[in-house]
Amino acid sequence: MAEANWLRHTIQVGVFEFRRSTRAIWEDKARAFLMAAGLVFPSLMLAGFIYLFSDVIRNAGPVELPPVARGTIALFWLFGVFIATQRVVSARPRIDAEPLMLTITSPRTVAGGLVLAETLRVLAYLALPVVVLTAGVVYLFGSLSSVLIIPLTAVLFGLTTVCSGMVLGYALSLLIATSPFVAKHKTVLGGIAVLLAMGGYLFMTLPQFGGIGQESLAFLPVGWFIDIAVIGTPIQGSMT
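Quick notes on the rules
- Residues numbered from 1 in each chain as written.
- Predicted model: local features only at pLDDT ≥ 70, side-chain atom pairs only at ≥ 80, totals over all residues.
- Heavy atoms only, no water.
- 1 Å grid on protein atoms, 1.4 Å probe; cavity = no way out; pocket = protein on both sides within 12 Å on 5 of 7 lines; lining within 4 Å.
- Points joined across faces, edges and corners; volume = space filled by probe spheres on them.
- Helix = DSSP H or I, 4+ residues; strand = E, 2+ residues; numbered from the N terminus.
- Nonpolar A, V, L, I, M, F, W, Y, C, P; charged D, E, K, R; others polar.
- Buried < 20%, exposed > 50% of the residue type's maximum accessible area, 1.4 Å probe, protein only.
- Contact = heavy atoms within 4.5 Å.
- Core = buried A, V, L, I, M, F, W, Y, C linked by side-chain atoms within 4.5 Å.
- Polar contact = N/O pair within 3.5 Å; in protein donor to acceptor, adjacent residues only side chain to side chain.
- Phe/Tyr/Trp six-rings, centres within 6.5 Å; stacked < 30°, edge-to-face > 60°.

Caption draft 1: Structural view of the layout of surface pockets. Of the volumes computed, that of the largest pocket is approximately 1,800 Å³. Lining the largest pocket are 50 residues; nearest its centre among them are Ile-73, Phe-76, Leu-126, Pro-129 and Phe-157. When residues of the lining of the largest pocket are traced back to their parent elements, those giving at least two are α2 (29–52), α4 (67–91), α6 (107–141), α7 (146–178) and α11 (225–229). In terms of residue count, α6 provides more of the lining of the largest pocket than any other element does, 11 residues in total. Here the lining of the largest pocket is composed, by residue class, of 38 nonpolar, 8 polar and 4 charged. Empty space within the second largest pocket amounts to approximately 1,100 Å³. What lines the second largest pocket is a set of 41 residues, among which Thr-85, Val-89, Leu-172, Ser-173 and Ile-176 lie closest to the centre. Elements supplying a minimum of two residues to the lining of the second largest pocket: α4, α5 (98–104), α6, α7 and α9 (186–205). Among the elements that make up the lining of the second largest pocket, the one with the highest residue count is α9 (13 residues).

Caption draft 2: Examining the environment of Ile-150 more closely. By the element assignment, Ile-150 lies in helix α7. Its relative accessible area of 8% is what places Ile-150 among the buried residues. Considered as a pair, Ile-150 and Ser-21 are 129 residues apart in the sequence and their alpha carbons are 26 Å apart. Apart from the residues lying within four places of it in its own chain, the contact partners of Ile-150 are Val-130, Leu-133, Thr-134, Val-137 and Ala-229.

Caption draft 3: Representation of the nonpolar core in the model. Ranked by size, the top nonpolar core spans 10 residues in total: Ala-74, Leu-75, Trp-77, Val-81, Phe-157, Met-204, Leu-217, Leu-220, Val-222 and Phe-225. Excluding anything up to four places from it in sequence, Leu-220 contacts Ala-74 and Leu-78. Counting 8 residues, the second-largest nonpolar core is a separate cluster that includes Ile-95, Val-110, Val-162 and Met-166.

Caption draft 4: Looking closely at the environment of Arg-58. Inspection of the secondary structure puts Arg-58 in helix α3 (residues 54–59). Beyond its immediate chain neighbours, meaning those up to four positions away, Arg-58 contacts Tyr-139 and Leu-140. Of the polar contacts made by the side chain of Arg-58, one reaches the backbone oxygen of Tyr-139; its length is 3.0 Å. Here the side chain of Arg-58 touches Leu-140 through a polar contact of 3.0 Å, landing on its backbone oxygen.

Caption draft 5: Region of the structure containing the packing of aromatic side chains. This model, assessed by the stated rule, comprises 3 aromatic pairs. Ring geometry for Phe-79 against Phe-82: centres 6.4 Å apart, planes inclined by 35°, an arrangement best described as tilted. Highlighted residues: Phe-79 and Phe-82, both in helix α4, separated by 3 residues, approximately one helical turn. Classification of Phe-79 as partly exposed rests on a relative accessible area of 28%.

Take a look at the structure:
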């Protein structure tokens, strides 16, 4: 049974784990620089694109959201689930000081803290691009509602990605712990899974080779996040 105030303890555990991982990245200067470059450079490119083509975008008038946009979001979501699953199985299968944590708190608190910490990490990666995109949309279309809608959509995107990936990751961890065959051949099976996932991702992003484009994933509900994000702009998504 969960202890009293388990929700507050969950938040404390999640925030502490997030701060600890952030501190570890900051202490590794090379890693911190590479991660910062991976966020700053695409964000600057996005800002430059919006500024250079602002007149063209404004004069384009109302545009219907194409299926490839939904498919691209769905592809990113699936890729995020793959990364979250891989982190749970290989990098962070257990919380630090697990015996102590499970002695002083309930499993529900520990599990919730891990989910919260991983969600905060994802949102930290998304923060700068989302801020640039939100500012760009407001600059282009004067859509003040986007100040709330786009960040809210990013939070929903990150939260669903992390939760789905962690559920799948812990299911795989349980399978490894209970199946002798899977435990014995987990390296080979993991390598095959990575090859299949990365191969599928490349085929989707390079349709000239695989013949299947991102638009084929437009039917997935996770692609509909973009329909939420464009509310209040001249881009016409599906309200349904």
